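Residue-level structural notes
Spelled out, the chains give:
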Amino acid sequence: MQPFDYYKPKTFEEAFDYLTLPGKTVFPLAGATDFIPSYRDGVWQADAVCDIKALPGVRDLRETPEGLWVGACVLMSELARSPLVRAHWEVLAQGAEVVGSEQVRNRATIGGNMCTASPCADTPPPLYVLDAVVVLKSKAGERRVPVTEFFTFVRKTVVQKGELVTGVIIPKPPAGTVGEYHKLSRRQGCDLSLVSVAVLAAPRNGGYDWRIALGAVAPTPIRVPDAEAILSKGWDAASIDEAAKAAEKTAKPITDVRSSDVYRYEMVRNLTRRAVRSVAEKLKK
Amino acid sequence: MLHEITLTVNGEQRTVAVKSHHTLLKVLREQLGITSPKIGCENGECGACTVLMNGKAVNSCLVLAVEADGAVIETVENLSKEGELHPLQQAFVEHNAIQCGFCTPGMIMSAKGLLDRNPHPTVDEVKEALAGNLCRCTGYIRIVDAVMDVAKKGDA
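Residues numbered from 1 in each chain as written. Chains lettered and ligands numbered in written order. Predicted model: local features only at pLDDT ≥ 70, side-chain atom pairs only at ≥ 80, totals over all residues. Heavy atoms only, no water.

All names here are of chain B. Splitting chain B by domain gives domain 1 (2-78) and domain 2 (87-153). Put simply, the middle of domain 1 and the middle of domain 2, counted by C-alpha atoms, are 21 Å apart. Across the boundary between the two partners, domain 1 contributes 16 residues, which contact 13 residues of domain 2. Of the roughly 1,100 Å² buried between domain 1 and domain 2, counting both surfaces, carbon and sulfur atoms make up 64%. (Domains from an automatic or database assignment. Contact = heavy atoms within 4.5 Å. Buried area = accessible area lost by both parts, 1.4 Å probe.)

Here is the structure:
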């Protein structure tokens, strides 16, 4: 691996100085599980890395009046096993527990999963249906971006040079909310998503507000408003079929080394139907 | 850039000067003389380099050595005590869960990481915990059997 420098600031002020070193490309480093292979293969360039794991608040996972605070450096394995997350934000735990392998989940962070911005990342679709808000910090101050506006393209986000994602705020869903994250991959363990679907049904005005997000079938994760509208009126078998078809219409998958677009279109429909049915089953209980 | 780091490796405190871009795997093998973590894919796919870092299984090829400053690292070298194999090692021997042996240190450390946090896992939990460890001899059934054997005895 080509040499690079390493900094580990303890304050944000120090971090922003490193990130804006004149003439240098300084890469923010969280879990390093994407960085090391991508840097070695020349996909990413850097003169130095700025390890953000010692910054205040970035390791915190706690409930606040605004909802769940997930610091950027909270691990996938922490999200997957947290009783708090399991109790109220189950769909996020489901996404986190299918990222990579146990070894990867013990290093990989939610901030890294978001900032790498791979279309097949497993935590963004759950964050989409949970209406999460991304918190960013820079020398200029703090700003908040709805997660649905965070990703701009394949591996592109709104994060500017000199700016860091410090964490995510996830509103607490009303009691009785249920969700499901379904992922299809070539093999069950330790593989990237071909198609993924997050479904959430939250009680509202005596009915349910349905939300559906798809992963790996467009340059960024996408919500499926047409399917959501259909289900919010009722979720009998015919409506579920309609919603699944709407999801297929919204998806814009590509053909790549993992599968063809034709296969992905079909699987969007099947996986959406399956995930919605699982949520509907949970609602009956 | 050089960094002086101090870490506890297999119960012993070690201080080493490491380069920013060197991985924990490289430093364990080349500076600390610990060669059970194997150089496999160096991409976090194969698990041959698995060690426990602060009690959790990690791919040492995906950790910068400098990130391990202050950490407690355990490798398979630390498992046998006074000539007695660790129950996991013993079970791997008894179940013939070793063929070429290249994946074995990583398999055992992943299994230990699982049993330390979940002493009585189900078969599915064992498979999930070992999903990041590839055995190219494909001896998975015996490996899972060996781990389940220890899990049932509950003496890991």
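What follows covers the confidence of the model for chain B. Confidence in the prediction for chain B averages 96 pLDDT; 98% of positions are at 70 or higher. Here the prediction assigns the complex a pTM of 0.97, and the interface score ipTM is 0.97. (pLDDT = per-residue confidence, 0-100.)

Attention now moves to the sheet that holds strand 2 (residues 26-29) of chain A. All names here are of chain A. Spatially, 1-3-2 is the arrangement adopted by the three strands of the open sheet, whose pairing is parallel. The open sheet has two edge strands, strand 1 (5-7) and strand 2, and neither has a second partner. Going from strand to strand, the sheet's axes swing by 25° on average, the running direction of each strand aside. Pairing of strand 2 with strand 3 (residues 48-51), which is carried by four bridges, proceeds in the parallel orientation. When the sheet's bridge partners are listed, Phe-27 is paired in strand 3 with Val-49. (Pairing = 2+ DSSP bridges. Helix = DSSP H or I, 4+ residues; strand = E, 2+ residues; numbered from the N terminus. Axes fitted to C-alpha atoms, helices over the stretch in contact; angles between N-to-C directions.)

As a further point, take the packing of helix 2 (residues 87-94) of chain B against helix 3 (residues 104-117) of chain B. All names here are of chain B. The contact between helix 2 and helix 3 brings their axes to 10 Å, and the two run at 130°. Here helix 2 lies oblique to helix 3, going by the angle between them. The chirality of how helix 2 crosses helix 3 is right-handed. Of the residues in helix 3, those in contact with Leu-88, Gln-89 and Phe-92 of helix 2 are Thr-104, Met-107, Ile-108, Ala-111, Lys-112 and Leu-115. (Parallel < 35°, antiparallel > 145°, perpendicular 65-115°, else oblique. Left-handed = near helix turned anticlockwise from the far one by under 90°.)

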